[in-house]
Amino acid sequence: MGNQALDKKIGGIPLPSLSLVEGANDTGKSIFVQQVTYGALSSGKKLLYITTEETSGGLINNMERLNWNVTDPFITGHFKVTSLTTGSMSWDSQVAKYYLIALINYIKQRGDQFHIVVLDSITHLLTHATDSDILNFFTQCRYLVDTIGQTFMITLHPYALNQELLIRVRSFCDGHIILGIKNIRDKNVLSINIAKLKGASKTTNELILYEVSPVYGIKILPFSSARG
Ligand SMILES: Nc1ncnc2c1ncn2[C@@H]1O[C@H](COP(=O)(O)OP(=O)(O)OP(=O)(O)O)[C@@H](O)[C@H]1O
Ligand SMILES: [Mg+2]
């Protein structure tokens, strides 16, 4: 993942795979997938990054500020950023249905160009969709993973789905990574819990604690805690 300390704990994201990165606001979803993005690009992978949170220029600036060089792969076309503005649209279940279909078609059409697809975040696209449209979207992602070997990393705020649906969506996924904020020694630190990561060379049982350093991005803290 382009971060030795994190690689030692997680052993990298298996390819191909479908992973869900779950966490409330400010728990590090974007930082985490940007770390994975940087690592993948550094090892020569081609990556499509779909964001509902930023412009492509904003994303690249943010990553460059953390010393994750993504400008070069952006120029060569190994790194493509698609910015979806979803906030100003008026949503209903019909709009959500066709938006999800359009999105999966967009990804499909680029399936032979990009090994990895990051989607940060899917939350807005799901909040107005029906359960069956949501399941259909994840079924299609699963299909692309299994047939053409694409890897997906999708971030989600857990409030976007009801508990029962969330459990079903998780069952589609090879990876399930839960991010959180913990108060340790009177300091707020971010946490990574690898709840599931099928095919990984190693998976840690401990809760990984880190802070976001303006210089390195994810900086793993030396102390760890029992999971729970
Ligand atoms: N460039 C940066 N330098 C320092 N800290 C940063 C930087 N970018 C983000 N952070 C901090 O890292 C933490 C996690 O931010 P991040 O944007 O990854 O959360 P998120 O889970 O994606 O939030 P949201 O649900 O709002 O999208 C926040 O506390 C944020 O202030
Ligand atoms: Mg975010």
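Everything below is about the structure printed above this text.
On a predicted model such as this, the values are computed, not experimentally measured, just so you know. (Residues numbered from 1 in each chain as written. Chains lettered and ligands numbered in written order. Predicted model: local features only at pLDDT ≥ 70, side-chain atom pairs only at ≥ 80, totals over all residues.)

**Student:** So what about the packing of helix α7 (residues 131–148) against helix α8 (residues 163–172)? Which residues, and what values?
**Tutor:** Following both chains from N to C, one finds α7 and α8 inclined at 10°, their axes separated by 10 Å at the closest point. Between α7 and α8, the angle falls in the class roughly parallel. Within the contact between the two elements, α7 uses Asp131, Ile134, Leu135, Phe138 and Arg142 and α8 uses Leu165, Arg168, Val169 and Phe172. For the contact of α7 with α8, a count of residues per class yields six nonpolar, no polar and three charged. (Axes fitted to C-alpha atoms, helices over the stretch in contact; angles between N-to-C directions. Helix = DSSP H or I, 4+ residues; strand = E, 2+ residues; numbered from the N terminus. Parallel < 35°, antiparallel > 145°, perpendicular 65-115°, else oblique. Contact = placed C-beta atoms within 7 Å. Nonpolar A, V, L, I, M, F, W, Y, C, P; charged D, E, K, R; others polar.)

**Student:** Talk me through the sheet that holds strand β4 (residues 116–120); I want residue IDs and the actual numbers.
**Tutor:** The strand order across the open sheet formed by nine strands is β3-β2-β4-β5-β1-β6-β7-β8-β9, and the pairing between neighbours is mixed. Strand pairing shows two members of the sheet lacking a second neighbour, β3 (79–83) and β9 (217–220), which therefore form its edges. Strand-to-strand twist in this sheet, taken as the mean axis angle between neighbours without regard to direction, amounts to 25°. Alignment of strand β2 (residues 47–51) against β3, held across five bridges, turns out to be parallel. Residue pairing in the sheet places Ile50 in a bridge with Thr82 of β3. Against the sheet, helix α2 (residues 29–42) engages β1 (18–22), β2, β3, β4, β5 (151–156), β6 (175–184), β7 (187–197), β8 (208–213) and β9, with an angle of about 165° to β4. (Pairing = 2+ DSSP bridges.)

**Student:** Any chance you could break down the site of ligand 1 for me, citing the residues and the numbers?
**Tutor:** Taken together, 15 residues sit near ligand 1, with Asn25, Lys29, Ser30, Ile31 and Val212 positioned nearest. Sorting the residues of the shell around ligand 1 by element identifies α2 and α3 (56–65) as the ones contributing at least two each. For the shell around ligand 1, the leading source of residues is α2, giving three residues. Classifying every residue of the shell around ligand 1 by side-chain character gives four nonpolar, seven polar and four charged. (Near = placed C-beta within 6 Å.)

**Student:** An account of the environment of Asp131 is needed here, citing residue identities and associated values.
**Tutor:** In this structure, Asp131 sits in helix α7. The exposure class assigned to Asp131 is partly exposed, which follows from the 14 C-beta atoms found within 10 Å. In this structure, the C-alpha to C-alpha distance between Asp131 and Ser93, residues 38 residues apart in sequence, is 10 Å. (Buried ≥ 20, exposed ≤ 12 C-beta atoms within 10 Å, placed from the backbone.)

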